[in-house]
Amino acid sequence: MAYLKDLLLGFSLFQALPISVIYILTAAICAVVAIAAIAVVALVAVWFERKISAHMQCRLGPMYVGWHGVLQTAADGVKLFVKEDIIPATADKLLFILAPGIVFVGAMLSWVVIPLGPKMAATDLNIAVLYLLATSSVVAIGIIMAGWASHNKWSLYGSMRGAAQFLSYEIPTALFIIPPVLLAGSLRLGTIVDEQAGGFLGMGNWYVWNPFCLISFICYYVSTLAETNRIPFDLPESESELVSGFHVEYSGIRFSFFFMAEYADMFIVSALGVLLFLGGWHGPFGINHAFIYIAKVCALLFVTIWLRWTLPRLRIDQLMATCWKFLIPLGLINILGASFWMILTGKV
Amino acid sequence: MDALLHSLVFYILAFIVLGSAAYTAFSANLVRAAFSLLFTFFGLAGLYIYLGADFVGISQVIIYVGGILVLLLFGVMFTTNVSGQGTEKQTLQMKWGILFLVVLFLLLIPIAFITPWSVMPDAGSKALESSVSPIGVGLLTKYLLPFEIASLLLLIALIGAVVIARGEPKVRAEAAKEDTSAL
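Residues numbered from 1 in each chain as written. Chains lettered and ligands numbered in written order. Predicted model: local features only at pLDDT ≥ 70, side-chain atom pairs only at ≥ 80, totals over all residues. Heavy atoms only, no water.

A. Main features of the overall build of chain B. A tally of regular secondary structure across chain B gives seven helices and zero strands. Along chain B, helices and strands appear, N-terminal first, in the series α-α-α-α-α-α-α. By the burial criterion, 23% of the 183 residues in chain B qualify as buried. A separation of at least 24 residues holds for 63% of the contacts in chain B among residues at least 6 apart in sequence. (Helix = DSSP H or I, 4+ residues; strand = E, 2+ residues; numbered from the N terminus. Buried < 20%, exposed > 50% of the residue type's maximum accessible area, 1.4 Å probe, protein only. Contact = heavy atoms within 4.5 Å.)

In structure tokens form, the structure reads like this:
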């Protein structure tokens, strides 16, 4: 954002304006970039998901719109735009309209601190990791709101499951983020990534090679699957029992907001995993580039999609037991272990 | 940032906080009142960050929005009639309300004038340092005792919740019996 501000100030046209206007302008540009990024990510990720799932099931998937159906999601998006906007008669209208917006804003807020490459974040906040934990809770509120406002038993069940699931899995996510933060000694994403530079083949300092961070990485990934409502933890929208859960009454453009937010969230948690554990944009042999970072994020996204089309869905009691009886105790022990590791290796 | 933007940010945040809080207090719709708290909490977090307390602001969102509000909504959904019939809710308790308001006001006014408020820095100066490490060091040195007492209190609450959730021993034995017979 500072870079963008200086860029704007470079033009003589903008130098005449008061600094506050420049600030508002840069913030607006960052917001537009975030919205555009979400749309592009959703567009590509949906196509990925459909193609990967199809090939895993020996199908071809979308083939007709563009090369191997690459424009299929764009066509679907246009279709969703022009569809009739249905609001159920008994729904709480205000909340029904508000809910997709809140879910989308929750996804958008995270994009403010997630970099798209070296020095390419809207703002490199010095408490970015905490900020990401905070913004993820907005999505949960939106899901509960959608389920409640729809006035439908399936939606309500979905949103109640969502509330319970989110409340539980927020804790292990936070616990497993702590070891890399401890090792880096900072909550700033840029610093955490820079600490992982160098080492054997340029990859030796990635935090994932540290035993406690390896446990963290695996468990962080599992908990974020639950937080973003992906299979095997997609109980808030489990199709086979709740039709499609909290967004069963949504159609057209409002539905597409939920859809985009889900894929944006997937991208954010994968990006955070890459930044915290897999060295961010530090590639092999000391190559630093945004493309390396994006490739790693795509690899994690692929694993998420792969899991979805491989694993069956858990029951709600199994889901809760995994969190409270396994992940949280392990998370606490893991923090203790990481602290001892730091003392023994003399990093304190 | 110049003065205009400063006051603009402050008044927008203050309006969000007061407006949504008033809606929470006066709305007869329990669920909407609870959702309105979302904006109150976010506005408050914004005010904290505006005053340079970044850690407090973010913690406000993590704890109040991510934890307490979700739990509150979870509870409200159980209590309110799902079919949409209005819940009886006493919105006004005039006598005690005014008394409480006056006492709180008299308490807060001097504090507002005494405290040296720090606000977000100007455009030219460097950004405020993060307040995370001073808070962490403070909690484990100067304020260790209050910190430990608070954690002890939370532990007691946790154990209490487990005891209540487990129920009476007799009921528990019957439930266990049913479980085994179901298997």
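Resuming the write-up.
B. Highlighting the domain arrangement of chain A. Residue and element names in this part refer to chain A. Segmenting chain A into domains produces domain 1 (1-82) and domain 2 (83-344). Using only C-alpha atoms to locate each centre, domain 1 and domain 2 end up separated by 20 Å. Tallying the contact residues gives 22 residues for domain 1 and 24 residues for domain 2. Broken down residue by residue, the surface that domain 1 buries against domain 2 is led by Ile38, Glu49 and Leu80, which jointly contribute 31%. On inspection of domain 1 and its partner domain 2, the count reaches one salt bridge. Notably, a salt bridge pairs Glu49 with Arg308, separated by 3.4 Å at the nearest N-O pair. Counting every contact that joins domain 1 to domain 2 gives six residue pairs in polar contact (both at pLDDT 80 or more). (Domains from an automatic or database assignment. Buried area = accessible area lost by both parts, 1.4 Å probe. Salt bridge = Lys/Arg side-chain N within 4 Å of Asp/Glu carboxyl O. Polar contact = N/O pair within 3.5 Å; in protein donor to acceptor, adjacent residues only side chain to side chain.)

C. Local environment of the interface of chain A and chain B. Of the residues lining the interface, 33 residues belong to chain A; the matching set on chain B comes to 33 residues. The junction of chain A with chain B conceals about 2800 Å² of combined surface from both sides, 82% of it contributed by carbon and sulfur atoms. Of all residues in chain A, the largest losses of buried area upon contact with chain B belong to A:Ile141, A:Trp148 and A:Met160, amounting jointly to 21% of the total for that side. There are zero salt bridges connecting chain A and chain B. The interface formed by chain A and chain B contains zero residue pairs in polar contact (both at pLDDT 80 or more). At the level of secondary structure, the elements contributing two or more residues to the side of chain A that touches chain B comprise helix 3 (19-56), helix 5 (93-111), helix 6 (128-149) and helix 7 (153-184) of chain A. Of all the elements, helix 6 of chain A adds the most residues to the side of chain A that touches chain B, at ten residues.

D. Molecular detail of the state of the cysteines. In this structure the tally under the stated criterion is zero disulfides over all chains. For the unlinked cysteine A:Cys323, the closest cysteine sulfur is that of A:Cys219, found at 11 Å. (Disulfide = S-S within 2.5 Å.)

E. Layout of the packing of aromatic side chains. Residue and element names in this part refer to chain A. This model, assessed by the stated rule, comprises 16 aromatic pairs over all chains. Ring geometry for Trp281 versus Tyr293: centroids 5.9 Å apart, planes at 80 degrees, classification edge-to-face. Note that Trp281 is positioned in the loop between helix 11 (252-277) and helix 12 (290-308) and Tyr293 in helix 12, a separation of twelve residues in sequence. There is no split in this pair, since Trp281 and Tyr293 are both buried. Taken together, the ring pairs in this structure connect Phe96, Tyr250 and Phe258 into an aromatic cluster. (Phe/Tyr/Trp six-rings, centres within 6.5 Å; stacked < 30°, edge-to-face > 60°.)

F. Seen up close, the environment of A:Ala261. Residues and elements named next belong to chain A. Within the fold, Ala261 resides in helix 11. According to the relative accessible area criterion, Ala261 is buried, its value standing at 1%. Considering only alpha carbons, one finds Ala261 and Tyr293, 32 residues apart in sequence, at a separation of 21 Å. Excluding its chain neighbours within four sequence positions, the residues that come into contact with Ala261 are Val103, Phe104 and Ala107.

G. Region of interest: the nonpolar core. Core analysis: the biggest nonpolar cluster contains 112 residues, and A:Trp111 and B:Phe35 have the highest contact counts within it. With sequence-adjacent residues up to four places away left out, A:Trp111 is seen in contact with A:Ala34, A:Ala37, A:Ile38, A:Val41, A:Leu116, A:Ala264, A:Phe267 and A:Ile268. (Core = buried A, V, L, I, M, F, W, Y, C linked by side-chain atoms within 4.5 Å.)

H. Local environment of the environment of A:Phe255. Residue and element names in this part refer to chain A. Inspection of the secondary structure puts Phe255 in helix 11. Classification of Phe255 by relative accessible area gives partly exposed; the value is 21%. It is 19 Å that separates the C-alpha atoms of Phe255 and Arg161, two residues lying 94 residues apart in sequence. Not counting the four nearest positions on each side in its chain, Phe255 is found in contact with Leu80, His247 and Tyr250.

I. Focus on the pattern of salt bridges. Residues and elements named next belong to chain A. Overall, the coordinates contain four salt bridges over all chains when judged by the stated rule. We note a salt bridge from Asp76 to Arg50, for which the minimum N-O separation is 2.9 Å. Here the residue Asp76 occupies a position in helix 4 (residues 72-82), and Arg50 occupies one in helix 3, the gap between them amounting to 26 residues. Take Asp76: its relative accessible area is 22%, and that puts it in the partly exposed class. Residue classification places Arg50 among the partly exposed residues on the basis of a relative accessible area of 33%. A salt bridge links Asp317 to Arg315, with the nearest nitrogen and oxygen atoms 2.9 Å apart. By relative accessible area, which is 42% here, Asp317 ends up partly exposed.

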